[in-house]
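Fold and geometry: a report
Here is what each chain is made of, one letter per residue.
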Amino acid sequence: MRRVKGSSVGAAAWIFLSAPVSAQDLTPFVEANAIHTLFHEIGHAVIDQFQLPVIGQEEDAADSFATLEIINAFEDDAKPILIDVASAWLHLDAKTDREDLDFFDEHDLDAQRAYRTICHLYGIDPDANADAAEWADLPDETLDTCTDTAPLAQDSWEMLLQSGVLLGNDEPQTPIDVSYEETSLTQWRSQLMDSGLMDDLAIYAQTSFAWPNPVRFVASECGEANAFYDPQTVTVTLCYEILDDWAIAEVEILSQ
Ligand SMILES: [Zn+2]
C-alpha cells in the first residue's frame, strides 16, 4: 500500500493506493503516469472552478500543480513516480521526428515537460533528489535555477489554494462521482477499477477542495489516448486508450 495524503497545504485526507500484485494489475509505470495525468486535470478543474489567475500557460500551471501535489502527497514515493512520468515524456520525445515538433501546441514540448518535472523534484529537495537530476542529465546551471523556480511555484500554488480553495475543517464536502464507462477495452477498464486509483484521487479532491459545483471523474473510451477536464460539465475524463499507450511505452523503454 502506498500512503497518499491530501493537498500539501493543510487538507487532512489520507488515502491509500493498492500496489499492483499481478500481471493483471496496472504496472507502477502506468499507475505513475495515470496519477500525474489525473492530478494535472484536477489542476485544470481547480483553476476553472475557483477562477484562479494564471500567469503564463495554463498547461504549465497544471503540470506544476500535479508535480508539486505528488511531491507533497507521496513524500518518499514521489521520486519513482515522477521519474516514470518524465521517462514517458522523454520516450515520446525520442520517437518524434524533429520536423514534427509542435511549437504551436498549448503544451510545452514533451522533453521540456519531462525536464521541468525533474527540475521541480530536485528544486524542492536537492539533497534527496540529486540522483533524479543526474538520471535526467540536468546541467548544473539548470539545477541552480530549479532551486529557485520550484519553491516559487510551490509558494505561488500555496498562496492561491489558501484563498478559499482548500476545504475548511467545518465545511461540508462536495461528493465526487466516479464512473467507469463500458468499453471494448475491458482489460483497461478492469485494471483501472481494480487499482482504485481514480477512486483514491476522487477522495483526495473531495476532501481537499471546497468545490463550488459537483465534480465528476469518468473513465471512458474516447477514440484517442488522452485525458481532459471539461469546464461545461465539470468532468475529469481519463481515456482507457492512454493506459494502453503508457503500457506500450513501458515495454519499448524496457526493451531499449
Ligand atoms: Zn492540460
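As a reminder, the structure under discussion sits directly above these lines.
This section reports on the structure supplied with the text.

Attention now moves to the sheet that holds strand S6 (residues 235-239). With respect to topology, 4 strands assemble into an open sheet ordered S3-S4-S6-S5, the strand pairing being mixed. Looking along the sheet, the strands with just one partner apiece sit at the ends: strand S3 (177-180) and strand S5 (227-230). On average, each strand axis in the sheet is inclined to that of its neighbour by 15 degrees, with strand direction left out of account. Examined bridge by bridge, S5 and S6 share 4 bridges and lie antiparallel to one another.

Time to look at the pairing of strand S4 (residues 216-220). Burial of S4 is one-sided: the residues Phe-217 and Ala-219 facing one way are buried, the residues Arg-216, Val-218 and Ser-220 facing the other way are not. Across 4 bridges, the pairing between S3 and S4 is parallel. Looking at the pairing, Ser-179 lines up with Val-218 of S4. By the bridge criterion, 5 bridges tie S4 to S6 in an arrangement that is parallel. The residue bridging Ser-220 from the neighbouring strand is Cys-239, located in S6.

A separate point is helix H5 (residues 126-135). Listed as buried for H5 are Asn-129, Ala-132 and Ala-133. Buried positions in H5, seen along its axis, are confined to an arc of 100 degrees and lie on one side of it. Of the exposed residues in H5, those oriented more than 90 degrees away from the buried face are Asp-127, Asp-131 and Glu-134.

Time to look at helix H9 (residues 240-254). Given a rise of 1.5 Å per residue, 15 residues ought to cover 21 Å, and the 22 Å separating the end C-alpha atoms of H9 matches this to within 8%. Taken together, the buried positions of H9 are occupied by Tyr-240, Leu-243, Trp-246, Ala-249 and Glu-250.

About the criteria used
- Each chain carries its own residue numbering, running from 1 in the written order of its sequence.
- Totals for whole chains, interfaces and linings use all residues, but because this is a predicted model, local features are given only for residues with pLDDT of at least 70 and pairs of side-chain atoms are given and counted only at 80 or more.
- Any two strands are treated as partners once DSSP identifies two or more bridges connecting them.
- Each helix corresponds to a stretch of at least 4 residues labelled H or I by DSSP, and each strand to a stretch of at least 2 residues labelled E; elements are numbered beginning at the N terminus.
- Helix axes are fitted only over the stretch in contact, all axes being lines through C-alpha atoms; the angle between N-to-C directions runs from 0 to 180 degrees.
- With C-beta atoms placed from the backbone, a residue is labelled by how many other C-beta atoms lie within 10 Å of its own: buried for 20 or more, exposed for 12 or fewer, partly exposed between the two.
- As used here, the arc is the angular range of directions from the helix axis to the C-beta atoms.
- Helix span is expected to be 1.5 Å times the residue number reduced by one.

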